[in-house]
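Coordinate inspection notes
If you want the building blocks of each chain, they are given just below.
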Amino acid sequence: LVLFALMSPPSFSAAELADLQQQEITLDKLSSLQQTAVDFMRTKLNDTDLLPCQADVRLLRFLRAHQWNCTAAWGAYEEFLRFRKEHKLDSVAESVLNSNRDFFRKGQELLRKIHFHPLSEQTEILYPRILAQPIPGGYALLYDRHGNLLVCEAPGRADFAGIVHLGVDKYMEALIWHTEMRVLLLDELSRRQGRLVLTCTISDMAGLKASLLLPGGASKTEQAGFKAWQDGSKVLSKNFPDTTYRNYMLSVPAAWLIDKLISSTAPARSRDKFRVYGVNDDYKQAIASDVEAKQLPSQFGGDLEWGGDPPEDVENGESARTQLRARHKKKGMARQFQRFGHWVTNDHPEYDGDGQRMESEEGDQDGSLRDRDGSLSTTSKAAPWCKSLCACLFSGRKEKDALL
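Residues numbered from 1 in each chain as written. Predicted model: local features only at pLDDT ≥ 70, side-chain atom pairs only at ≥ 80, totals over all residues. Heavy atoms only, no water.

**Things to note about the overall build of the protein chain**
Counting its regular elements, the protein chain contains 16 helices and twelve strands. Split into buried and exposed, the 404 residues of the protein chain put 47% on the buried side. Of all intrachain contacts in the protein chain linking residues separated by at least 6 positions in sequence, the fraction that spans at least 24 positions is 68%. Of the roughly 20900 Å² of accessible surface on the protein chain, a fraction of 52% belongs to carbon and sulfur atoms. (Helix = DSSP H or I, 4+ residues; strand = E, 2+ residues; numbered from the N terminus. Buried < 20%, exposed > 50% of the residue type's maximum accessible area, 1.4 Å probe, protein only. Contact = heavy atoms within 4.5 Å. Areas by Shrake-Rupley, 256 points an atom, 1.4 Å probe, with all protein chains shown as cover.)

In structure tokens:
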């Protein structure tokens with residue numbers, strides 16, 4: 001009878017649910033209602049053949065994310081455990097823990113290793129982000145004023161087409177591995193602080209193409225990469241819930257993008273955690289209330305340097321971004337369509353003698369061209385559409401490839 005009672009989900013009253021949603025969580029001293037919910041989840045877990053994950057910390061995240069509806073929380077947690085098994089995240093977790101023994105087992109502050117997937121560093125070039133600063137001896141995590149983990153991202157500088165060239169499946173796998181490491185860090189910090197530690201995220205949207213959110217508004221490759229980013233955000237929100245303290249979204253290029261960006265990357269339960277600022281809004285004072293300058297990149301008003309620029313390859317001098325996105329000049333009629341595509345997307349590459357792409361210029365939304373580093377090009381500007389089209393289709397360049 002006791003086992004049957006534990007297997008049955010708790011029947012909390014409306015008043016008890018309201019109380020649960022308001023209660024703070026102290027890990028070493030749960031309230032009686034919180035303990036009842038956790039005991040139910042533990043009992044259900046013992047009745048499965050799936051491996052548990054980080055004990056009560058993860059259970060509490062799922063319970064809180066589902067408003068203490070124990071049936072819904074268990075269903076989501078069980079699905080998450082299957083997700084872990086499918087993606088072999090227990091092996092990833094073991095690698096993270098073993099590579100950072102001093103942090104996880106001795107309570108030290110520095111991490112020894114933060115890149116675990118073979119493509120981890122390449123994906124951070126395509127989608128710039130930072131959660132730790134490299135210093136002598138390891139990596140120092142960034143924190144907000146409340147002890148939450150600080151993560152800075154730059155979707156506006158993301159190379160969405162590069163994600164497709166790298167491989168969407170590979171990008172997703174690297175993203176899942178990174179998030180597993182990040183949540184392991186949250187779980188360890190929660191253990192140290194005796195509460196559920198969350199993430200304060202600052203997302204720099206400056207440079208984001210508004211056309212990415214319009215059907216046919218960008219190249220198919222960019223659209224596919226942008227969708228992969230959106231899908232990845234949804235997968236992570238589902239399987240790693242209740243990890244957000246606050247999400248600053250800065251320099252959003254247009255007001256109508258706000259709802260689209262939030263709804264496409266975050267669950268409804270997290271939308272009130274967003275603080276959104278337009279291109280001309282002053283956000284630095286707001287961020288300073290949550291993050292000290294010594295923990296913050298300089299572009300957000302802090303003291304740290306974080307450019308997000310691709311590092312050069314020592315052997316050939318090319319940036320990793322260029323290597324990932326190398327393209328080839330097509331032949332015959334296909335070359336004419338390729339030229340037309342350059343005009344439509346306002347993307348005009350040059351090629352070397354072997355027909356491989358050398359430089360990339362991206363069209364700005366005001367019609368001007370910007371170099372790869374984001375600065376305004378001093379050598380060229382977008383021509384009127386008729387002149388640009390003619391230049392693309394009927395340029396006087398002598399090319400070896402002939403028309404079909």
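**Digging into the confidence of the model for the protein chain**
Model confidence for the protein chain is summarised by a mean pLDDT of 79, while 72% of its residues fall at 70 or above. Overall, residues 352-404 carries pLDDT values under 50, and its contacts beyond four positions in sequence, including any with other chains, amount to 93 contacts. (pLDDT = per-residue confidence, 0-100.)

**Notes on the packing of helix 6 (residues 89-99) against helix 10 (residues 168-193)**
The packing of two helices is summarised by the inter-axis angle and the distance between the axes. Viewed as axis vectors pointing N to C, helix 6 and helix 10 meet at an angle of 55°, and their least axial separation amounts to 10 Å. One finds that helix 6 runs oblique with respect to helix 10. Our pair here, helix 6 against helix 10, has a crossing hand that is right-handed. Residues Leu89, Val92, Ala93 and Val96 of helix 6 touch helix 10, and the partners they reach there are Ile176, Trp177, Glu180, Met181 and Leu184. (Axes fitted to C-alpha atoms, helices over the stretch in contact; angles between N-to-C directions. Parallel < 35°, antiparallel > 145°, perpendicular 65-115°, else oblique. Left-handed = near helix turned anticlockwise from the far one by under 90°.)

**Points about the pairing of strand 7 (residues 244-252)**
In terms of residue burial, strand 7 counts as a mostly covered element, since seven of its nine residues are buried. Here strand 6 (residues 199-204) runs beside strand 7; their pairing, made up of six bridges, is parallel. Considered in strand 7, the bridge of Asp204 is made with Leu250. Sheet analysis places strand 7 next to strand 8 (residues 274-278), joined by four bridges and oriented parallel. (Pairing = 2+ DSSP bridges.)

**Considerations on unusual backbone geometry**
Even without a glycine there, the phi angle at Lys88 is positive, about 55°. One non-glycine residue, Asp242, lies in positive phi territory at about 55°. Mapping Asp242 onto the fold places it in the loop between helix 11 (220-239) and strand 7.

**Considering the pairing of strand 6**
Burial of strand 6 is extensive: six of the six residues sit out of reach of the surface. Taken together, the five bridges between strand 5 (residues 149-153) and strand 6 define a ladder with parallel strand orientation. Bridge assignment links Leu150 to a residue of strand 6, and that residue is Cys200.

**Focus: the environment of Gln67**
As for its placement among the helices and strands, Gln67 is situated in the loop between helix 4 (55-65) and helix 5 (70-86). With a relative accessible area of 41%, Gln67 lands in the partly exposed category. Along the primary structure Gln67 and Gln21 are separated by 46 residues, whereas in three dimensions their C-alpha atoms are 6.6 Å apart. Gln67 has contacts with Leu17 and Gln21, leaving out every residue within four places of it along the chain. In terms of polar contacts, Gln67 uses its side chain to reach the side chain of Gln21, at 3.4 Å. (Polar contact = N/O pair within 3.5 Å; in protein donor to acceptor, adjacent residues only side chain to side chain.)

**A few points about the side chain of Asn100**
Relative to the elements of secondary structure, Asn100 occurs in the loop between helix 6 and helix 7 (101-106). Once residues lying within four places of it in the same chain are set aside, the contact partners of Asn100 are Leu111, Arg112, Lys113 and Phe116.

**Structural notes on the sheet that holds strand 2 (residues 129-130)**
As summarised here, the arrangement of the five strands in space is 2-5-6-7-8, forming an open sheet in which the pairing is mixed. On the outer flanks of this sheet lie strand 2 and strand 8, each paired with one strand and no other. Contacts between helix 10 and the sheet are confined to strand 2, strand 5 and strand 6, with strand 5 contributing the most and set at about 155° to the helix. Its contacts with the sheet place helix 12 (residues 257-265) against strand 7 and strand 8, and it is angled at close to 145° to strand 7.

**Some remarks on the packing of helix 4 against helix 10**
One can describe the packing of helix 4 onto helix 10 by two numbers: an axis separation of 10 Å at closest approach and a directional angle of 105°. The angle between helix 4 and helix 10 places the two elements in the roughly perpendicular class. Listed contacts from helix 10 to Val57, Arg58 and Arg61 of helix 4 are Glu180, Val183, Leu184, Leu186, Asp187 and Ser190. Here the contact of helix 4 with helix 10 is composed, by residue class, of four nonpolar, one polar and four charged. (Nonpolar A, V, L, I, M, F, W, Y, C, P; charged D, E, K, R; others polar.)

**Some details on the nonpolar core**
Within the largest apolar cluster, 77 residues are counted, with the highest numbers of intra-cluster contacts made by Met41, Leu63, Tyr77, Leu141, Phe160, Phe226 and Leu261. If you tally residues by element for this core, the top one is helix 10, at ten residues. The residues contacting Phe226, other than those within four sequence positions of it, are Phe160, Leu208, Leu212, Leu213 and Leu261. (Core = buried A, V, L, I, M, F, W, Y, C linked by side-chain atoms within 4.5 Å.)

**A look at the sheet that holds strand 1 (residues 110-111)**
Here three strands make up an open sheet; going across it, the order is 1-4-3 and the pairing antiparallel. In the strand order of this sheet, the two ends are held by strand 1 and strand 3 (132-135), each with one partner. Relative to strand 4 (residues 138-141), strand 3 runs antiparallel, the two being bridged by four bridges. Counted as the bridge partner of Pro134 is Tyr139 from strand 4.

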